[in-house]
Amino acid sequence: MRTHYCADVNEEHIGQEVTVAGWVSSRRDHGGLIFIDLRDKDEVIQLVCDPADNVAAHKVAEDVRDQFVLVARGKMRARGEGLENPKLKTGKVEMVVDSLVIENRSKPMPFDLNDEKVNEEIKLKYRYLELRTQKSYDIFKLRSKATIAARNSLDALDFMEVETPIITKSTPEGARDYLVPSRVHSGEFYALPQSPQLFKQLLMVGGFDRYFQIAKCFRDEDLRADRQPEFTQIDVEMSFCDQEDVIKVAEKLINDVFAACGFDISATFKRMAHSEAMEKYGSDKPDMRYDLAMVDVIDIFEKCDNEIFSSIAKTPKKNRIKALKVPKGDEIFSKRQMKGFEEYVRKFGASGLGYFQMKEDGLKGPLAKFFTEEDLQAIIDRCELEVGDAVFFGAGEKKLVLDYMGRFRIYLAEIMDIIPKDVFEFLWVMDFPMFEVEDGRVKALHHPFTQPKSLDYEDIEEIESIAYDIVLNGTELGGGSIRIHKEEMQAEIFKLLGIGEEEAQDKFGFLLDALKFGAPPHGGFALGLDRLIMLMTGASSIREVIAFPKTQKAQCLLTQAPSAVDSEQLKDLSLRIRQQAPTA
């Protein structure tokens, strides 16, 4: 049906007969001459339909409209002087059409394919039309390159690709499962996997040594711009390894993928302890493209005459007082703006936000009167302030302060427009806490199969794990850990999590049994492929890099899923829909 793709046609084909096929990107009638821009998978070529050359082809062209599907045959010629289009690979040539066939017609488009401001629900309903755009094609072409590069990289490192089950057992892994009712086993359910975690550990017990998978995963959780109910990850596990071995493989994989996609990145990535990331940036995924690090000043504030600050400072283990310096902030922000920042942090639970301005004659601002000259100088030295700088202070309970000051740091960077574009800053965040306590309940911060550094502790929240996250430009790209490979250690972790022997056997019995049969030391990681492509392409949402994504309400507007099913299907599954009582 075609002899060439549009992108393959150039000056070398002048005088030759060529056949191309695609969709009409635009049509222009210049009073006899009809010009058609025909687009295939990744390029546009200009067709010229001249009644002086071919009356039949011109007659067909008169009936052509945007997005019609055409097959065109004709001779290539050079474009006239001054009529070349440098934006196109085919911009120096055009086809004089001898034969034009309309393979299919198109209704008027429900939206302008080139309009970036079209309502997203409309674009998702007609997602297949948005996929026709050059922008979408380029995204998925890059995604394909990245996936192939990942497979090639891991294959070269002697990893074996193994597919693990999609319908499996429901296990508590931090998010809600998507449940699948069983027809054969009435009243019982499968679950879609949140990750292949348990199966890849079993593969290590099976002696596979090095496994990987481009895995589909599912989580029934609230959605954000970088989250979908189903997503794809590059999943990796290896035996007889330590943390350094895993990190080396991950960095090699990421470098190979970026190189295949035309990007040059650092061969090794920066590292930072989780505790340092939280204390300096208020986040376990800090964006390292800019600084704005927080400084601890709780010891200085303990001596001030402000009772609120001094009382907070008396319990430095529980509380924090953090300073955030903004270079030239006194020159950038008005007093009104600085006071307005308080309203921003209040949205995240802050009771207030203090600030100083660095003037020629020292620190000025509402808080200055509560400090001695010596303590003001200590703040200047600690924060390394220079004339023209502003410094903001958050005070209160540790987790709260780190959270809202971390958010405030990002907010300032955005409004100051200091975040570099087209830069990739990778960071390993290491030594995560093993546990967190919420409402008196102990929970695994990552998952309960992570190996702790030690179980010798006074405070359970101080136990560190051999876990690591890979962060790119302030987004968690993925992470992993060294796993527990001994049954006794796994049982102890379950005990600390309040999971009794009977519950552990019920939920994880197959893994616990496997650990009794010579499980090797092992560890691994997973990288979010969707997030990786989103960051590579600069897409504003993860939905742009998934062929058929869901909305923020986990709906597919294209297929109208989820949807009701007929009563016979429910009967086969022994299910009955219970109507909810109307709310008052």
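The notes below deal with the structure included here. Since the model is a prediction, treat every value here as computed from it, not as a measurement. (Residues numbered from 1 in each chain as written. Predicted model: local features only at pLDDT ≥ 70, side-chain atom pairs only at ≥ 80, totals over all residues. Heavy atoms only, no water.)

## Quick word on the nonpolar core
Point 1. With 46 residues, the main nonpolar core has Ile 234, Phe 258, Phe 426 and Phe 525 as its most contacted residues.
Point 2. By residue number, the principal contributor to this core is helix H6 (residues 243-260), which donates eight residues.
Point 3. Leave out the neighbours within four places in its chain, and Phe 525 touches Lys 200, Ile 234, Asp 235, Val 236, Val 246, Val 249, Ala 250, Leu 253, Tyr 468, Gly 479, Gly 480 and Arg 483. (Core = buried A, V, L, I, M, F, W, Y, C linked by side-chain atoms within 4.5 Å. Buried < 20%, exposed > 50% of the residue type's maximum accessible area, 1.4 Å probe, protein only. Helix = DSSP H or I, 4+ residues; strand = E, 2+ residues; numbered from the N terminus. Contact = heavy atoms within 4.5 Å.)

## Some details on the sheet that holds strand S1 (residues 17-30)
Point 1. An order of S1-S2-S3-S5-S4 is seen for the five strands of this closed barrel, with the pairing classed as mixed. Neighbouring strand axes in the sheet, compared pairwise and without regard to direction, differ in orientation by 55° on average.
Point 2. Relative to strand S5 (residues 93-104), strand S3 (residues 44-49) runs parallel, the two being bridged by two bridges. Bridged to Leu 47 within S5 is Met 95.
Point 3. Along the sheet, helix H1 (residues 55-62) contacts S1, strand S2 (33-39), S3 and S5; its crossing angle with S5, the most-contacted strand, is approximately 60°. (Pairing = 2+ DSSP bridges. Axes fitted to C-alpha atoms, helices over the stretch in contact; angles between N-to-C directions.)

## A few points about the packing of aromatic side chains
Point 1. Tallied over the full model, the rule gives 23 aromatic pairs.
Point 2. Between Phe 269 and Phe 426, the aromatic rings sit 4.4 Å apart at their centres with planes inclined by 10°, giving stacked as the arrangement. Separated by 157 residues along the polypeptide, Phe 269 in the loop between H6 and strand S11 (270-273) and Phe 426 in strand S17 (residues 426-430) bring together distant segments of the chain. Here Phe 269 matches Phe 426 in class, with each residue buried.
Point 3. Considering the side-chain rings of Tyr 344 and Phe 348, the 5.2 Å spacing of their centres and the 65° angle between planes classify their relative orientation as edge-to-face.
Point 4. You can call Tyr 344 buried: its relative accessible area is 15%.
Point 5. Aromatic rings pair up to connect Phe 333, Phe 341, Tyr 344, Phe 348, Tyr 355, Phe 392, Phe 408 and Tyr 411 into one cluster. (Phe/Tyr/Trp six-rings, centres within 6.5 Å; stacked < 30°, edge-to-face > 60°.)

## Notes on the environment of Lys 285
Point 1. By the element assignment, Lys 285 lies in the loop between helix H7 (274-281) and strand S12 (294-296).
Point 2. Judged by its relative accessible area of 36%, Lys 285 falls in the partly exposed class.
Point 3. Non-local contacts of Lys 285, meaning those with residues more than four positions away in its chain, are made with Val 471, Gly 474 and Glu 476.

## Looking at the side chain of His 274
Point 1. Considering the arrangement of structural elements, one finds His 274 in helix H7.
Point 2. His 274 gets classed as buried once you look at its relative accessible area, which sits at 12%.
Point 3. When neighbours within four sequence positions are excluded, His 274 is seen to be in contact with Asp 284, Val 429, Met 430, Asp 431, Phe 432 and Pro 433.

## Structural notes on empty space enclosed by the protein
Point 1. Considering all chains together, one arrives at two cavities of 30 Å³ or more under this definition.
Point 2. Looking at the second largest cavity, its volume works out to about 50 Å³.
Point 3. In this structure, the second largest cavity is lined by Leu 124, Arg 127, Phe 548, Pro 549, Lys 550, Thr 551, Gln 555, Cys 556, Leu 557 and Leu 558.
Point 4. Residues of the lining of the second largest cavity, tallied by class, amount to six nonpolar, two polar and two charged. (1 Å grid on protein atoms, 1.4 Å probe; cavity = no way out; pocket = protein on both sides within 12 Å on 5 of 7 lines; lining within 4 Å. Points joined across faces, edges and corners; volume = space filled by probe spheres on them. Nonpolar A, V, L, I, M, F, W, Y, C, P; charged D, E, K, R; others polar.)

## Points about helix H4 (residues 134-156)
Point 1. Across its 23 residues, H4 extends 33 Å between first and last C-alpha, which sits within 8% of the 33 Å expected from 1.5 Å per residue.
Point 2. Of the positions making up H4, those classed as buried are Ser 136, Ile 139, Leu 142, Arg 143, Ala 146, Thr 147, Ala 149, Ala 150, Ser 153 and Leu 154.
Point 3. Looking at the packing, one finds that the buried side of H4 touches helix H3 (127-130), strand S9 (210-218), strand S10 (230-239), H6 and helix H16 (529-537).
Point 4. Just beyond H4, the residue with positive phi is Asp 158, at close to 70°. (Expected span 1.5 Å × (residues − 1).)

## Focus: the pairing of S2
The two faces of the sheet receive side chains in turn, since in a regular strand these alternate between them.
Point 1. With six of seven residues buried, S2 is to be regarded as a mostly interior element.
Point 2. The sheet contact formed by S1 and S2 spans seven bridges and is antiparallel. Bridge pairing in S2 places Arg 27 opposite Ile 36.
Point 3. Where S1 folds back on S2, the antiparallel hairpin that results is connected by two residues, among which Gly 31 adopts a positive phi of roughly 65°.
Point 4. Sheet analysis places S2 next to S3, joined by six bridges and oriented antiparallel. Paired with Leu 38 across the bridge in S3 is Ile 45.
Point 5. Counted between consecutive antiparallel strands, the loop separating S2 from S3 contains four residues.

## Concerning the packing of H4 against H6
Point 1. As a packed pair, H4 and H6 sit with axes 8 Å apart at the nearest point and diverge in direction by 140°. Judged on the interaxial angle alone, H6 and H4 are oblique. Crossing handedness for the pair H4 and H6: right-handed. Of the residues in H6, those touching H4 at Lys 145, Ala 146, Ala 149, Ala 150, Ser 153 and Leu 154 are Val 249, Lys 252, Leu 253, Asp 256, Val 257 and Ala 260. (Parallel < 35°, antiparallel > 145°, perpendicular 65-115°, else oblique. Left-handed = near helix turned anticlockwise from the far one by under 90°.)

## What to know about unusual backbone geometry
Point 1. Ala 561 connects to Pro 562 through a cis peptide bond whose omega is 0°.
Point 2. Counting through the fold element by element, Pro 562 comes out in the loop between H16 and helix H17 (567-572).
Point 3. In the Ramachandran plot, Asp 158 falls in the positive-phi region, its phi being about 70° despite a non-glycine side chain.
Point 4. Relative to the helices and strands, Asp 158 is located in the loop between H4 and strand S6 (160-161).
Point 5. Positive phi, close to 60°, is recorded for Ala 554, a residue that is not glycine.

## A closer look at H7
Point 1. Buried within H7 we find His 274, Ala 277, Glu 279 and Tyr 281.
Point 2. Packing partners of the buried residues in H7 comprise S11, S12, strand S13 (319-326), helix H13 (398-416) and S17.
Point 3. Phi turns positive, to about 65°, at Gly 282, one or two residues after H7.

## Side note on the packing of H7 against H13
Point 1. Two numbers describe how H7 lies on H13: the axes approach to 8 Å, and their chain directions differ by 65°. Viewed along their axes, H7 and H13 adopt a mutual orientation that is roughly perpendicular. In this structure, H7 contributes Met 278, Glu 279 and Tyr 281 to the contact, and H13 contributes Lys 398, Leu 402, Gly 406 and Arg 409.
Point 2. For the contact of H7 with H13, the class distribution of residues is three nonpolar, one polar and three charged.

## A short note on the sheet that holds strand S16 (residues 390-397)
Point 1. In space, the five strands of this open sheet follow the order S12-S13-S16-S14-S15, with antiparallel pairing throughout. Of all the strands in the sheet, the pair left with one neighbour each is S12 and strand S15 (362-364). Direction aside, the axes of adjacent strands within the sheet are offset by 30° on average.
Point 2. Both strand S14 (residues 354-359) and S15 contribute to a ladder of three bridges, which runs antiparallel. By the bridge assignment for S15, Met 358 is matched with Leu 363.
Point 3. This element, H7, spans S12 and S13 of the sheet and lies at about 100° to S12.

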